[in-house]
Amino acid sequence: MAKTWANHSESSSLEISSLDSFEADSEQATGADLHLELSGEGSLRSQLMHALREAIRSGRLAPGTQLPPYRSLAQDLGIARNTVAGAYAELVEEGWLSARQGSGTRVARRAEPLRPDQARPPQRRTRRRVVYDLMPSSPDAAAFPRTAWLTSVRRAVAAAPNDAFGVGDPRGRVELREALAEYLARARGVRTEPDRIVICSGFAHGLRLLGSVLRGTVAVESYGLDFHRDILAEIGLRTVPLTVDSHGARIDELPATGAGTVVLTPAHQFPTGGPLHPERRAAVIDWARSTGGVLVEDDYDGEFRYDRQPVGAVQGLDPDRVVHIGSTSKSLSPALRLGWMVLPGWLVDDIIAAKGPREMWSGVVDQLTLADFIARGAYDRHLRRMRQHYRRRRDLLASVLAERAPHIKVSGISAGLHAVLELPPGTEEMALRAARRQGLALDGLRPYRHPDSTMPPRDGLVIGYGTPPDHVFTAALDALCLALPDPPEDEPVTPGRRRR
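Residues numbered from 1 in each chain as written. Predicted model: local features only at pLDDT ≥ 70, side-chain atom pairs only at ≥ 80, totals over all residues. Heavy atoms only, no water.

A.B. asks: What's the story with the overall build of the chain in this structure? I'm lost.
C.D. replies: Each helix and strand in the chain was counted, giving 16 helices and 17 strands. Taking as baseline every contact in the chain between residues at least 6 positions apart, the subset at least 24 positions apart corresponds to 73%. Total accessible area on the chain is roughly 24,200 Å²; 51% of this is exposed by carbon and sulfur atoms. (Helix = DSSP H or I, 4+ residues; strand = E, 2+ residues; numbered from the N terminus. Contact = heavy atoms within 4.5 Å. Areas by Shrake-Rupley, 256 points an atom, 1.4 Å probe, with all protein chains shown as cover.)

A.B. asks: Honestly, the packing of aromatic side chains in this entry has me stumped. Any pointers?
C.D. replies: To describe a pair of aromatic rings, one takes the distance between the centres and the angle between the planes. Applying the stated criterion to the full structure yields seven aromatic pairs. Geometrically, the ring pair formed by tryptophan 149 and phenylalanine 373 is edge-to-face, given 5.3 Å between the ring centres and 65° between the ring planes. Of this pair, tryptophan 149 sits in helix H6 (residues 146-159) while phenylalanine 373 sits in helix H13 (residues 364-375), and the two are 224 residues apart along the sequence. Here tryptophan 149 matches phenylalanine 373 in class, with each residue buried. Stacked on the ring of phenylalanine 473, the Lys or Arg arginine 393 has its end atom at 5.0 Å from the ring centre. (Phe/Tyr/Trp six-rings, centres within 6.5 Å; stacked < 30°, edge-to-face > 60°. Buried < 20%, exposed > 50% of the residue type's maximum accessible area, 1.4 Å probe, protein only. Lys NZ or Arg CZ within 6 Å of the ring centre and 35° of its normal.)

A.B. asks: Even after reading the chapter, I still don't get the sheet that holds strand E6 (residues 239-242), so can you show me in this structure?
C.D. replies: Strand pairing within a sheet occurs via backbone hydrogen bonds; the two strands may be parallel or antiparallel. Spatially, E4-E12-E11-E10-E9-E5-E6 is the arrangement adopted by the seven strands of the open sheet, whose pairing is mixed. At either margin of the open sheet sits one strand with a lone partner, and together these are strand E4 (197-200) and E6. In this sheet, neighbouring strand axes are inclined to one another by 20° on average, regardless of whether the strands run parallel or antiparallel. Each of E4, strand E11 (322-327) and strand E12 (339-342) touches helix H7 (residues 174-188); the most contacted strand, E4, lies at about 110° to it. Against the sheet, helix H9 (residues 226-235) contacts strand E5 (218-221), E6 and strand E10 (294-298), and its axis sits at roughly 170° relative to E5. (Pairing = 2+ DSSP bridges. Axes fitted to C-alpha atoms, helices over the stretch in contact; angles between N-to-C directions.)

A.B. asks: Honestly, the nonpolar core in this entry has me stumped. Any pointers?
C.D. replies: One broad trend across soluble globular proteins is that nonpolar side chains are buried collectively. Counting 56 residues, the largest nonpolar core has Trp340, Leu421, Leu440, Leu442, Leu461, Leu480 and Leu484 as the members making the most contacts within it. The leading source of residues in this core is helix H14 (residues 378-404), at eight residues. Ranked by size, the runner-up nonpolar core spans 23 residues in total, among them Leu210, Val294, Val323 and Leu347. (Core = buried A, V, L, I, M, F, W, Y, C linked by side-chain atoms within 4.5 Å.)

A.B. asks: I'm lost on the side chain of threonine 467 in this one. Help?
C.D. replies: Its place among the elements puts threonine 467 in the loop between strand E17 (460-464) and helix H16 (470-483). At 3.2 Å, the side chain of threonine 467 forms a polar contact with the backbone oxygen of serine 138. Residues in contact with threonine 467, not counting those within four places in the same chain, are Asp133, Met135, Ser138, Pro139, Asp140 and Arg393. (Polar contact = N/O pair within 3.5 Å; in protein donor to acceptor, adjacent residues only side chain to side chain.)

A.B. asks: Sorry, what's going on with the pattern of salt bridges here?
C.D. replies: Opposite charge on two side chains permits them to pair, given that their charged atoms come into close proximity. Considering all chains together, one arrives at 25 salt bridges under this definition. Between arginine 173 and aspartate 163 there is a salt bridge, with the nearest N and O atoms lying 3.7 Å from each other. Residue arginine 173 is found in the loop between H6 and H7, and its partner aspartate 163 is found in the loop between H6 and H7; the two are separated by 10 residues along the sequence. According to the relative accessible area criterion, arginine 173 is buried, its value standing at 14%. Measuring nitrogen to oxygen at the nearest pair gives 3.0 Å for the salt bridge that ties arginine 376 to aspartate 372. On the basis of relative accessibility, which here comes to 13%, the residue aspartate 372 falls in the buried class. (Salt bridge = Lys/Arg side-chain N within 4 Å of Asp/Glu carboxyl O.)

A.B. asks: For this particular structure, what's the right way to read unusual backbone geometry?
C.D. replies: Generally, phi is negative for residues other than glycine and the peptide bonds are trans, each holding for most cases. Residue phenylalanine 270 is joined to proline 271 through a cis peptide bond whose omega torsion reads 5°. Within the secondary structure layout, proline 271 lies in the loop between strand E9 (261-264) and helix H11 (278-291). A positive phi is found at arginine 337, a non-glycine position, where the angle reads about 55°. Secondary-structure assignment places arginine 337 in the loop between E11 and E12. On the basis of relative accessible area, arginine 337 is assigned to the partly exposed category, the value being 40%.

A.B. asks: Hey, could you run me through the sheet that holds E17 in this one?
C.D. replies: Here we have four strands laid out as an open sheet, ordered E13-E14-E17-E16, and antiparallel in their pairing. Of all the strands in the sheet, the pair left with one neighbour each is strand E13 (409-411) and strand E16 (443-444). Where E16 meets E17, two bridges bridge the pair, whose relative direction is antiparallel. What sits directly across from aspartate 443, in E17, is valine 462.

A.B. asks: Please clarify how the environment of leucine 401 should be interpreted in this entry.
C.D. replies: Structurally, leucine 401 is set in helix H14. Under the relative-accessibility criterion, leucine 401 is labelled buried at 2%. Taking C-alpha positions, leucine 401 is 9.6 Å from aspartate 478, a pair spaced 77 residues apart along the chain. Excluding residues that lie within four positions of it along the chain, leucine 401 makes contacts with Pro406, Val410, Leu421, Cys481 and Leu484.

A.B. asks: For this particular structure, what's the right way to read the packing of H14 against H16?
C.D. replies: The description of two helices packed together rests on the angle between their axes and the distance between the axes. In the contact formed by H14 and H16, the axes pass within 11 Å of each other and the chain directions differ by 30°. Overall, the two elements H14 and H16 adopt an arrangement that is roughly parallel. In the packing of H14 onto H16, the handedness of the crossing is right-handed. When H14 is examined against H16, the residues His389, Arg393, Leu396, Leu397, Val400, Leu401 and Arg404 are found in contact with a partner set consisting of Asp470, Phe473, Thr474, Leu477, Asp478, Leu480, Cys481 and Leu482. Taken together, the residues of the contact of H14 with H16 break down into nine nonpolar, two polar and four charged. (Parallel < 35°, antiparallel > 145°, perpendicular 65-115°, else oblique. Left-handed = near helix turned anticlockwise from the far one by under 90°. Nonpolar A, V, L, I, M, F, W, Y, C, P; charged D, E, K, R; others polar.)

A.B. asks: For this particular structure, what's the right way to read the environment of alanine 259?
C.D. replies: Within the fold, alanine 259 resides in the loop between helix H10 (254-257) and E9. The class of alanine 259 is buried, set by a relative accessible area of 9%. For the pair alanine 259 and alanine 219, spaced 40 residues apart in sequence, the C-alpha to C-alpha distance is 5.8 Å. If sequence neighbours within four positions are ignored, alanine 259 has contacts with Thr217, Val218, Ala219 and Trp287.

Pasting the structure below:
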């Protein structure tokens, strides 16, 4: 027995010596951190071996992963080098690790982690795979102007003053605020100055900031984004719905709500479509002036109007009673997280205070890039190109539906990136199920309805035509037509469409 122990001890000594040579060669090659917790019974060497085996079994250390040199790991764990070297050597013998001259110590290729069904309980079946994305209001990601944007990145970073890379102004970079003041005046009819613009990460961020400043009841459109209503509810504000018709929100209902703030989408009502009627635009300004109220103008896709010139911003009618909010989410990409709030002068300080000295701000490089992108005309050129692109898609959507589903009325297509398909009563859920079977991702109309609205519920689909790549857009429309309800029995079936 003593002889056997001596032989084993000699073998371990040789392995440690060999490992020492490997580790010495790779000491400078890797400084990887490895988180291990030594616990349980036994010696430190046994605890370390147990921790390494568990890390390999769980898959946290994948086959082929290079381990830290034993000197480094010993220092990190606060234990002796020989303890780590001995643990490595024994795990090499067991087959958990491998050691080779010049490449250090690695997890052995044959050391397989637990299979997924062993590592965690069985999961529920995944949802049906999305083949075509027709979710509303998403832009064509493939059309992002990469080359032009990269040009502006280089120009902006090269020209940026040193203070641009320090702690910033919560208003946002002055270069962007100056560029936006010029652009919004020229393209959207907004009246403002750079000091009254605050950069935010999008409409939702701006709404959250406003909600923390403007207290009381908030009037909203009966159909609108539910997560905007959720933001206000989380802040503790009650929302009341205004009826929406073909001329936009019913402003005459505002006085009875007792609201001090109203949130509208005047350029293109979301999601039902159509601009706010001129008389109602004037009426909401009259309401704000007479009550001291505030209009929050969501200009989410004001640049994308196809059949005539874009409708100007309501803010131009009274800059002291309107908060105008825009972003690059539809015009460029939601990934940029860049938006702006054009504020009445009396609100600026309160919004800055709500933002805080270390609030999560938009990145300075993106702000400087957008400023250059606007100033050198690249933003205008991109918008003109995208208007033509989206207009072609809108026209194709309308023509395909007119040919293959003439019984389905299409509305809201004069602007924006989506259309509303009006369905027969009681067919929305059936159409959504059929769409899922076709691999379509799209929205029904009912979730956008305010729960307290007195408007009768409408059945419909909200179809975004901005997202699918060009090469699959026609196939996406084919799938959409297959998901739509059949015409009534007394209507003839059009060529290219069958009753199901």
